[in-house]
Amino acid sequence: MLYDIVTDYILPMLRRPAYYQSAALCWRIKDDVPQVLLLTSRETRRWVLPKGWPKTGLSAAETAAEEAWEESGARLKGPGELVGRYCYRKRLKGGVPVNTEVDVFAFRALSLDDDFPERDERERVWVAPEEAARLVDEPELSDILSAFRPDNALISVA
């Protein structure tokens, strides 16, 4: 009986697939120097990229772009280019940690709005990719930021 509970219910819950989010690596060039946008998470206040859960009717890149505006006020250009993937432990409501895979899409930032949905819940900062890599907690995200150069991203001229 106990064996059945463990094998039929508990083990499958522990082996379930990772959760998935998409993130926006928003970038700009200022004084000929590339910069990326970081913002603080709402609860832990650590530096992160804007990201979110999949949204019905939107691609992963479109979801990332929408999250970038909601969380940071960033207005972005282009379809976004997949520049990497990282994994982190996301705490769900109730404090349960789950493995979460995040696809990172690079977008050129056109502007930052001062009025956006989460303006009172987050801080935002533009920093060089190398500095961003030092500020984030996730080693795989740090690697993506360290390697990022705007000339490696899809840059379309309007």
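The structure displayed is predicted, hence computed values, not measured ones.

**Brief notes about the overall build of the protein**
- Secondary structure assignment for the protein yields four helices and seven strands.
- Along the protein, helices (α) and strands (β) appear in the sequence α-β-β-β-β-α-β-β-β-α-α when read from the amino end.
- Relative to its 158 residues, the protein shows a buried fraction of 38%.
- Contacts in the protein between residues far apart in sequence, at least 24 positions, make up 68% of those at least 6 positions apart.
- On the protein, roughly 9300 Å² of surface is accessible, and the fraction owed to carbon and sulfur atoms is 52%.

**Overview of the packing of aromatic side chains**
- Taken as a whole, this structure holds two aromatic pairs when the rule is applied.
- Summarising the aromatic geometry, the rings of Y19 and W53 are spaced 5.9 Å apart at their centres and angled 70 degrees between planes, so their arrangement reads as edge-to-face. Placement of the pair is Y19 in strand β1 (residues 19-30) and W53 in the loop between β4 (51-52) and α2 (60-72), with a sequence separation of 34 residues.
- Considering the side-chain rings of Y86 and Y88, the 6.0 Å spacing of their centres and the 35 degrees angle between planes classify their relative orientation as tilted.

**Description of the nonpolar core**
- Counting 19 residues, the largest nonpolar core has L25, V36, L49, Y86, V104 and L145 as its most contacted members.
- Mapped by element, the contributors of at least two residues to this core are β1, β2 (33-40), β5 (74-91), β6 (97-112), α3 (129-135) and α4 (139-147).
- Among residues more than four places away in sequence, those in contact with L25 are V36, L49, V83, V104, F105, A106, F107, I144, L145 and F148.
- A61, A68, A74 and F107 belong to the second largest nonpolar core, which has twelve residues in total.

**Considering the pattern of salt bridges**
- By the definition in use, this model includes 16 salt bridges.
- With a closest N to O distance of 3.9 Å, R42 and E118 form a salt bridge. Of this pair, R42 sits in the loop between β2 and β3 (47-48) while E118 sits in the loop between β6 and β7 (124-127), and the two are 76 residues apart along the sequence.
- Connected through shared salt-bridge partners, R42, E71, E118, E121 and R122 make up one network.

**What to know about the side chain of D103**
- Within the secondary structure, D103 sits in strand β6.
- On the accessibility criterion, D103 (9% relative accessible area) is buried.
- A polar side-chain atom of D103 sits 2.9 Å from a polar atom in the side chain of Y20.
- Residues within four places of D103 in sequence aside, it is in contact with Y20, Q21, S22, A23, L82, G84 and R85.

**So, α2**
- Here α2 spans 18 Å end to end across 13 residues, near enough to the 18 Å set by a 1.5 Å rise per residue.
- Restricting attention to buried positions, one finds in α2 the residues A61, T63, A64, E67, A68, E71 and S72. The buried side chains of α2 occupy one side of the element, clustering within an arc of 155 degrees when seen end-on.
- Against the buried residues of α2 lie β1, β2, β4, β5, β6 and β7.
- Remark: G73 follows α2 within two positions and exhibits a positive phi of approximately 80 degrees.

Criteria and thresholds
- Residues numbered from 1 in each chain as written.
- Predicted model: local features only at pLDDT ≥ 70, side-chain atom pairs only at ≥ 80, totals over all residues.
- Heavy atoms only, no water.
- Helix = DSSP H or I, 4+ residues; strand = E, 2+ residues; numbered from the N terminus.
- Buried < 20%, exposed > 50% of the residue type's maximum accessible area, 1.4 Å probe, protein only.
- Contact = heavy atoms within 4.5 Å.
- Areas by Shrake-Rupley, 256 points an atom, 1.4 Å probe, with all protein chains shown as cover.
- Phe/Tyr/Trp six-rings, centres within 6.5 Å; stacked < 30°, edge-to-face > 60°.
- Core = buried A, V, L, I, M, F, W, Y, C linked by side-chain atoms within 4.5 Å.
- Salt bridge = Lys/Arg side-chain N within 4 Å of Asp/Glu carboxyl O.
- Polar contact = N/O pair within 3.5 Å; in protein donor to acceptor, adjacent residues only side chain to side chain.
- Expected span 1.5 Å × (residues − 1).
- Arc of directions from axis to C-beta.

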